[in-house]
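Next come the chains, spelled out residue by residue.
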Amino acid sequence: MTAPRTLSTDQARARLQDLTVIDVRTPAEYASGHLPGALNIPLDRLRHALPDLRHAVDRGDLLMVCASGNRSANACRTLAEQGVPAATLTGGTHAWATAGHDLHRPTARDTRTGWTMERQVRFTAGALVLLGLLLGLLVHPAFQLLSAGVAAGLVLSALTDTCGMAALLSKLPHNRPRPADLATTLAALRRR
């Protein structure tokens, strides 16, 4: 399968008014800062939104966005399999912010802002390493294998550019979209 079309941050910014921007990160990540006008349809809910995304393409181009560009590239491939063309933002919201472009951050009234997935992974990995070391010192040395397992997972994550821990953490309730949130997003997509 061919690589998805990409737009640089400057290309996307120049066309932002003409694009339908879909952020495929978790609701907590989306709430921590997203492109102006972006709608949140988490990657694991993308297939539920296919009919509305097909209609959105009739009105203009789709731009899929995530933190780094990996999940949005996966979203583009999923959509391409269904005959829905979309582009991905090179470097994701990190590149967008690094280029000096504004991210929209809802006020506390709009939504409860949570930790980004990257921050959740760093916290969890660090906590598990510390736990393994402490239990290894205080209880039994075999507990140090927990720390070794986390280290091996981090190395594998870097080599494969995937993150199993993020996949697991995304299943937690605070990272899962509420059905009403997706319904509201799809209604907003239909009104565009």
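Everything numeric here is computed off the predicted structure, so don't read it as measured data. Each chain has its residues counted from 1, following the order in which its sequence is written. Two thresholds apply to this predicted model, a pLDDT of at least 70 for residue-level local features and 80 or more for giving and counting side-chain atom pairs, whereas whole-chain, interface and lining totals are computed over all residues. Remark: hydrogens and water are excluded; side-chain values derive from all non-hydrogen atoms of the structure.

What about the packing of helix α6 (residues 117–138) against helix α7 (residues 144–160)?
To characterise two packed helices, one gives the angle between the axes of the helices and the distance between these axes. Which entries qualify depends on this criterion: The axes are straight lines fitted to the C-alpha atoms, using for helices just the contacting stretch, and the angles between their N-to-C directions are given from 0 to 180°. In this text, helices come from DSSP runs of H or I with a minimum length of four residues, and strands from runs of E with a minimum of two, each type numbered from the N-terminal end. Every angle not falling under 35 degrees, over 145, or within 65 to 115 is termed oblique; those three ranges are roughly parallel, roughly antiparallel and roughly perpendicular. For a crossing to be left-handed, the near helix must be turned anticlockwise from the far one by less than a right angle; the clockwise case is right-handed. Pairs of residues are marked as contacts when any of their non-hydrogen atoms sit within 4.5 Å. Each residue gets one label: Ala, Val, Leu, Ile, Met, Phe, Trp, Tyr, Cys and Pro are nonpolar, Asp, Glu, Lys and Arg are charged, and the others, such as Gly, are polar.
One way to put it is that α6 packs onto α7 with a least axis distance of 6 Å and a crossing angle of 155 degrees. Put simply, α6 runs roughly antiparallel to α7. The hand of the α6/α7 crossing is left-handed. Residue-level inspection shows A125, L128, V129, L131, G132, L133 and G136 of α6 in contact with α7, the latter providing Q144, L146, S147, V150 and L154. Residue classes in the contact of α6 with α7 are distributed as eight nonpolar, four polar and no charged.

Here's the deal with unusual backbone geometry
What counts, and what does not: Burial status follows relative accessibility: with a 1.4 Å probe on protein chains alone, a residue under 20% of its type maximum counts as buried, one over 50% as exposed, and anything between as partly exposed.
With a phi close to 55 degrees, D161 is a non-glycine residue in the positive phi region. Mapped onto the fold, D161 is located in the loop between α7 and α8 (164–169). A relative accessible area of 51% places D161 in the exposed class.

Here we look at the pairing of strand β2 (residues 20–23)
To be explicit about the condition: Pairs of strands are assigned from DSSP output, requiring at least two bridges between the strands.
Residue alternation in β2 divides its side chains into two sets, T20 and I22 and V21 and D23, and both sets are buried. Where β2 and strand β4 (residues 62–65) come together, four bridges link them in parallel fashion. What sits directly across from I22, in β4, is M64.

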